[in-house]
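What follows is the residue order along each chain.
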Amino acid sequence: MIKWGRFLLFLVVVGLLATLVSTTTKQVAGNITLGLDLQGGFEILYEVEPLEAGHKVDIELLKSTAHMIEKRINIGGVAEPVISTELPNRIRVQIASQSADQDKLRELIGKPAVLTFRDESGKVILQGSDLAPNGAAVGYDDLKRPLVTVKFSDAKKLEDVTRANLHKRMAIFLDENLQTNPTIQSVISGGSAQITGDYTQESAQELADLLNSGAMPAKLIEKQVTSVGASLGALALEKTLYAGYIGAALIFVFMLLVYRMPGMIANITLAGFTYFCMVVLDWMDATLTLPGIAGFILAVGMAVDANIITYERIQEEIRSGKTILSAFRSGERRSLITIIDAHVTTLIATGVLFYFGTSSVQGFAVVLAMTIIVSIITNVFGSRFLLWLVVRANMFKKPFWFGVKESEIGEL
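The residue numbering used here restarts from 1 in each chain and proceeds along that chain's sequence as written. With pLDDT at 70 or above as the cut-off, local features in this predicted model cover only qualifying residues; side-chain atom pairs require 80 or more to be listed or tallied, and sums for whole chains, interfaces and linings still use all residues. To obtain the side-chain values, all non-hydrogen atoms of the structure were used and water was disregarded.

Going by the annotation in an unreviewed UniProt entry, the name recorded for the chain is Protein translocase subunit SecD, with Brevibacillus parabrevis given as the source organism. Turning to the chain, the UniProt record has this under Subunit (unreviewed entry): "Forms a complex with SecF. Part of the essential Sec protein translocation apparatus which comprises SecA, SecYEG and auxiliary proteins SecDF. Other proteins may also be involved." UniProt positions are given in the numbering used here, feature names are shortened, and annotations may be inferred rather than shown by experiment. Among the UniProt annotations of the chain, the heading Function (unreviewed entry) holds the following wording: "Part of the Sec protein translocase complex. Interacts with the SecYEG preprotein conducting channel. SecDF uses the proton motive force (PMF) to complete protein translocation after the ATP-dependent function of SecA."

This is the structure:
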């Protein structure tokens with residue numbers, strides 16, 4: 001007896017999934033950030049050295065330096081840079097943008113930005129560390145020319161310094177570059193001073209941001225710069241997607257020809273798997289790179305394997321003479337442990353890759369781990385649920401619908 005309720009539920013679930021995929025895929029895909037190798041941009045590899053002799057580079061120094069690099073890049077107006085530390089002493093910076101000024105950003109990142117105030121003998125009497133948090137800002141003189149105002153955290157210290165050097169020159173240096181060399185005309189008691197010079201609005205703002213970001217905690221040595229053109233990145237993405245379409249089409253045809261009704265359900269859940277992986281990538285705010293796409297394609301193959309293992313067990317049970325329902329129950333139960341074991345061991349491997357790998361390998365590991373988890377939900381439990389609805393509806397009772405010939409039944 002055909003149970004229309006279960007078959008109707010199957011159609012509703014598939015219809016809702018198809019509607020969701022067809023109406024939101026373009027938006028979800030557009031939200032995913034493409035990496036350097038797909039969008040174009042440039043990558044800089046830095047070697048980190050301590051500022052003082054005898055000190056060592058440790059993970060904390062690498063992290064603080066990477067954090068400072070990110071603040072500097074944000075000054076340059078670049079969105080979502082990828083900054084990764086690589087033991088023992090390297091930092092890799094990836095800027096996936098063709099609009100970014102490479103030379104300007106490299107100069108901005110590499111600046112020590114040490115602000116010093118020196119007396120006439122060259123002695124440092126105040127430092128940038130004496131500035132109040134976010135104490136630098138853009139101001140204007142009487143002629144509306146941009147300048148940089150600086151506020152000190154200890155107003156008394158500034159007052160004492162200006163009193164001791166009254167009517168003397170106090171040179172203001174950024175690194176070893178003289179910014180201005182004014183004469184102290186009066187004692188400054190309010191804790192604020194000005195840096196004047198030939199500034200534009202943009203250069204004054206950049207200097208203020210640079211001073212607020214602070215000095216680099218370590219010395220950066222530029223080891224390698226790699227540029228990827230926008231056209232090259234677009235070509236790589238186009239070829240990768242083309243290969244993915246061909247591979248997906250071959251998988252869909254294979255599953256339909258060999259497994260028929262279960263194969264059709266596998267294809268439905270594979271489409272859902274691809275969609276939900278893109279959704280999770282968007283939620284993770286992850287950057288998709290070529291290694292990440294490689295991990296995704298590998299996960300598609302594993303997702304298909306999960307279905308094939310289950311369907312092969314079901315076919316074996318049907319050939320042994322069991323009914324379709326009995327074969328389904330036995331096949332899914334016996335295949336589940338094998339599938340879970342395979343996924344768990346792969347997750348362990350991704351954990352090792354992430355822990356010991358460099359940035360590109362870590363990206364591969366993260367995407368692969370995410371796709372494995374989504375695959376378990378969609379291609380293991382999701383496909384079993386849909387197949388259960390079809391089997392329980394009693395509409396496809398013949399072994400033909402499961403890829404088994406009548407002549408093969410009873411051979412095992």
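Still more ground to cover, so stick around.
## Re the overall build of the chain
Looking only at helices and strands, one finds 11 helices and 13 strands in the chain. For the radius of gyration, the atom set is restricted to C-alpha positions; the globular benchmark scales as 2.2 Å times the number of residues to the power 0.38. Its C-alpha atoms give the chain a radius of gyration of 32 Å, clearly above 22 Å, the size a compact globule of 412 residues would have. Its C-alpha atoms give the chain principal-axis dimensions of about 110 × 45 × 40 Å. Within the chain, buried positions represent 41% of all 412 residues. Contacts are assigned to residue pairs that have any heavy atoms within 4.5 Å of one another. By sequence separation, contacts in the chain at least 24 residues apart represent 75% of the contacts at least 6 residues apart. In this tally, Lys and Arg are treated as positive and Asp and Glu as negative; His is ignored, and so are the chain termini. Charge placement uses NZ in Lys and CZ in Arg. For Asp and Glu, CG and CD serve respectively. Put simply, the chain has 37 plus and 40 minus side-chain charges, and the middle of one group is 9 Å from the middle of the other. Here a helix means four or more residues in a row that DSSP labels H or I, a strand means two or more in a row labelled E, and each is numbered from the N terminus. Any residue under 20% of the maximum accessible area for its type is buried, any over 50% is exposed, and the rest in between are partly exposed; the area is computed with a 1.4 Å probe on protein chains only.

## What to know about the domain arrangement of the chain
By the assigned domains, the chain splits into domain 1 (4–36 + 229–402), domain 2 (41–112 + 218–227) and domain 3 (115–213). The gap between the C-alpha centroids of domain 1 and domain 3 is 61 Å. Domain boundaries shown here were taken from an automatic or database domain assignment.

## Overview of the environment of methionine 278
Examined against the element boundaries, methionine 278 turns out to sit in helix α8 (residues 261–284). Residue contacts for methionine 278: discarding those within four places in its chain leaves Thr25, Val28, Ala29 and Ile32.

## So, helix α5 (residues 155–164)
Every buried residue of α5 is accounted for by Leu158, Glu159, Val161 and Thr162. Looking down the long axis of α5, one finds its buried residues gathered within 165° of arc, a one-sided arrangement. On the buried face of α5, the contacting elements are β6 (124–127), β8 (146–152) and β11 (192–195). Counting of polar contacts relies on pairs of N or O atoms within 3.5 Å, with two restrictions inside protein: one atom must be capable of donating a hydrogen and the other of accepting it, and residues adjacent in sequence are counted only when both atoms are side-chain atoms. Looking at where α5 begins, the residue whose side-chain oxygen comes 3.1 Å from the main-chain nitrogen of lysine 156 is aspartate 154. Along the arc lie the directions from the helix axis toward the C-beta atoms.

## With respect to the nonpolar core
For the purposes of this section, nonpolar cores are sets of buried Ala, Val, Leu, Ile, Met, Phe, Trp, Tyr and Cys residues that join through side-chain atoms within 4.5 Å. Of all hydrophobic cores here, the largest spans 53 residues; its most connected members are Phe10, Ile265, Phe273, Tyr311 and Leu387. Counting residues per element, the ones that place at least two in this core are α1 (4–31), α7 (230–259), α8, α9 (290–319), α10 (324–356) and α11 (359–392). For this core, the element with the most residues is α11, which contributes 12 residues. Discounting residues that sit within four places of it in the chain, isoleucine 265 has contacts with Phe10, Tyr311, Ser383, Leu386, Leu387 and Val390.

## Here we look at the sheet that holds β8
Criterion used throughout: strands pair if DSSP finds at least two bridges between them. Strand order in the open sheet made by the 3 strands is β7-β8-β11, with antiparallel pairing throughout. Strands with a single pairing partner mark the edges of an open sheet, and in this sheet they are β7 (131–140) and β11. Here the average twist between neighbouring strands, direction ignored, is 30°. Where β8 lies against β11, 4 bridges are found, and the strand directions are antiparallel. Opposite valine 148, over in β11, you have isoleucine 195 as the bridge partner. In this analysis an axis means a line fitted to C-alpha atoms, helices contributing only their contacting stretch, and an angle means the value between N-to-C directions, from 0 to 180 degrees.

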